[in-house]
Amino acid sequence: MIELIKKLPKAELHLHIEGSLEPELMFRLAQKNDIQIPYKDIDDVRRAYNFTNLQTFLDIYYAGANVLITQQDFYDLTWAYILKCVEDNVIHTEIFFDPQTHTERGVEFATVINGIKSALADAKAEYGISSCIIMCFLRHLSQDAAFETLEAAMAFKDDIVGVGLDSSELGNPPSKFTEVFRQAKDAGFKVVAHAGEEADFSYIYEALDVLRSDRIDHGVQAIHSEALMQRLKEEQMPLTVCPNSNIELKVFESYQNHNIKTLLDYGLNVSVNSDDPAYFKGYINQNFINLVENLPLTEDDIVTLVKNSFRASFIDDDLKQAYLARVDLALQ
Ligand code: HPA
Ligand SMILES: [Zn+2]
């Protein structure tokens, strides 16, 4: 099973680039940029990665992102993630970035996106890895702040495929951002939103009906509504599930209790993703491995999860078919 996981080409659809900042790079950048971080060494950092819910993680994640200052920093961050993609056989990746985490500290929008973009161009040239960029609005901030971010993004419209919604979910429902998502969708951006990670399934309905979401990030709380499950199945609405994240943030008590197999058996379009791999103990293959070691997933289930990652991606249909054929080829 583990051999199968490793040999299958995959797409990753739910990856926060700031969440791929490994402690080693965090230390190097902190030193170079003369930024204080509250850790004395790498072991100390790893000890701090002990979360009780989403917010306890976010506090540490935003503090870590403070070390990112220059375009080269964002390049190095992205390039380090690309090397993990090579290792894990990820051939297409759709990465999130949080512009407000950086612009609030005085780092220019252009600095961030140009660093990410040039690493992704090199990933294509060097390894043939395709990618796209999704910009997330921080939901703990106001809709006005999201509008400012959307305006800044318009200068990079061709570099950004979609907009998303992340950060503190509870108390910040999708409907807080109705107008800015309407404008983004009308401007031609794809729409995704974190919904039903910690908050209840009503947030998933809002993401679908109010934001006109093309995918739901996480979405695991859908399980509590039969009507919603039926709808997600009928529409084949993708859920980008992140098992390690859900365990580390205590959304489920253990891998044995994770509902991904139930969602899959129901006929939903679920995929496996790493979310914030530097913080949640592993990249995409490790997420798959943790699942197969704890749940009765079959080889066919693994293939379905992997194919779903391509089906749910924002690439054009021809490339999608080509990638699905590569999965079949790897199975021969
Ligand atoms: O899992 C997450 N949920 C919400 N916001 C986030 N920002 C990074 N990771 C996450
Ligand atoms: Zn996420």
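Residues numbered from 1 in each chain as written. Chains lettered and ligands numbered in written order. Predicted model: local features only at pLDDT ≥ 70, side-chain atom pairs only at ≥ 80, totals over all residues.

1. Here we look at the UniProt feature "active site" (unreviewed entry) in the chain
UniProt's feature table lists "active site" (unreviewed entry) at Glu-197, given in the numbering used throughout. Secondary-structure assignment places Glu-197 in the loop between strand 5 (190–195) and helix 10 (202–209). Beyond its immediate chain neighbours, meaning those up to four positions away, Glu-197 contacts Leu-54, Glu-169, His-218, Val-220 and Val-251. (UniProt positions renumbered as here; feature names shortened; annotations may be inferred. Helix = DSSP H or I, 4+ residues; strand = E, 2+ residues; numbered from the N terminus. Contact = placed C-beta atoms within 7 Å.)

2. A short note on the site of ligand 1
Taken together, His-16, Gly-19, Leu-54, Tyr-61, Asp-166, Ser-167, His-194, Glu-197, Ser-245, Asp-275 and Asp-276 make up all the residues around ligand 1. Of the residues that constitute the shell around ligand 1, the class distribution is 2 nonpolar, 5 polar and 4 charged. (Near = placed C-beta within 6 Å. Nonpolar A, V, L, I, M, F, W, Y, C, P; charged D, E, K, R; others polar.)

3. Brief notes about the sheet that holds strand 7 (residues 239–241)
If you walk across this open sheet you meet the 8 strands as 1-2-3-4-5-6-7-8, and the pairing is parallel. Each of the sheet's edge strands pairs with one partner strand only, and the pair in question is strand 1 (10–16) and strand 8 (270–272). Along the sheet, successive strands turn relative to each other by an average axial angle of 25°, direction set aside. In this structure, strand 6 (residues 215–218) lies alongside strand 7, joined through 2 bridges in parallel fashion. Residue pairing in the sheet places Asp-217 in a bridge with Thr-240 of strand 7. Here helix 15 (residues 299–311) sits on the sheet and contacts strand 1 and strand 8; the angle it forms with strand 8, its principal contact strand, is near 100°. (Pairing = 2+ DSSP bridges. Axes fitted to C-alpha atoms, helices over the stretch in contact; angles between N-to-C directions.)

4. Examining the UniProt feature "site: Important for catalytic activity" (unreviewed entry) in the chain
Cross-referencing UniProt, the feature "site: Important for catalytic activity" (unreviewed entry) maps to His-218 in the present numbering. Considering the arrangement of structural elements, one finds His-218 in strand 6. For His-218, a count of 27 C-beta atoms within 10 Å translates into the label buried. With sequence-adjacent residues up to four places away left out, His-218 is seen in contact with His-194, Ala-195, Gly-196, Glu-197, Val-241 and Cys-242. (Buried ≥ 20, exposed ≤ 12 C-beta atoms within 10 Å, placed from the backbone.)

5. Examining the pairing of strand 5
Consecutive side chains along a regular strand alternate between the two faces of the sheet. With 5 of 6 residues buried, strand 5 is to be regarded as a mostly interior element. Here 2 bridges tie strand 4 (residues 162–166) to strand 5, and the two strands are oriented parallel to one another. Paired with Val-163 across the strands is Val-191, a residue of strand 5. Once the chain exits strand 4 it traverses helix 9 (residues 178–186) before rejoining the sheet at strand 5, and the crossover so formed is right-handed. When strand 5 meets strand 6, the two strands line up parallel, connected through 4 bridges. Within strand 6, the position partnered with Val-192 by the bridge is Arg-215. (Right-handed = clockwise from strand over helix to strand, strands pointing away.)

6. Digging into the packing of helix 5 (residues 71–88) against helix 7 (residues 109–127)
Viewed as axis vectors pointing N to C, helix 5 and helix 7 meet at an angle of 35°, and their least axial separation amounts to 7 Å. The crossing of helix 5 and helix 7 is right-handed. Residues Gln-71, Gln-72, Asp-73, Phe-74, Tyr-75, Thr-78, Trp-79, Ile-82 and Val-86 of helix 5 form the contact with helix 7, whose participating residues are Thr-111, Val-112, Asn-114, Gly-115, Ile-116, Ser-118, Ala-119, Leu-120, Ala-123 and Tyr-127. Broken down by class, the residue content of the contact of helix 5 with helix 7 amounts to 11 nonpolar, 7 polar and 1 charged. (Left-handed = near helix turned anticlockwise from the far one by under 90°.)

7. Some thoughts on the nonpolar core
Formed by 90 residues in total, the largest nonpolar core has its most connected members in Phe-97, Ile-116 and Ile-204. Setting aside chain neighbours within four positions, we find Phe-97 in contact with Ile-17, Glu-18, Val-112, Ile-116, Ile-133, Met-135 and Cys-136. (Core = buried A, V, L, I, M, F, W, Y, C linked by C-beta atoms within 7 Å.)

8. Comments concerning the packing of helix 8 (residues 143–153) against helix 9
As a packed pair, helix 8 and helix 9 sit with axes 9 Å apart at the nearest point and diverge in direction by 20°. Between helix 8 and helix 9, the interaxial angle falls into the category roughly parallel. At the point where helix 8 passes helix 9, the crossing takes the left-handed sense. Across the interface between the two elements, Gln-143, Ala-146, Phe-147 and Leu-150 from helix 8 touch Glu-179, Val-180, Gln-183 and Ala-184 from helix 9. Residue classes in the contact of helix 8 with helix 9 are distributed as 5 nonpolar, 2 polar and 1 charged. (Parallel < 35°, antiparallel > 145°, perpendicular 65-115°, else oblique.)

9. Overview of the confidence of the model for the chain
On average, residues of the chain score 98 in pLDDT, and 100% of them are at 70 or above. Interface confidence in the predicted complex, given as ipTM, is 0.96; pTM for the same model is 0.98. (pLDDT = per-residue confidence, 0-100.)

10. Brief notes about helix 10
Counting buried positions along helix 10 yields 6 of 8 residues, so the element is predominantly enclosed. Buried within helix 10 we find Tyr-203, Ile-204, Tyr-205, Glu-206, Ala-207 and Leu-208. Taken together, the buried residues of helix 10 touch strand 5, strand 6 and helix 11 (226–235).

11. Quick look at the environment of Asp-76
In this structure, Asp-76 sits in helix 5. With 55 residues separating them along the chain, Asp-76 and Leu-21 place their C-alpha atoms 9.6 Å apart.

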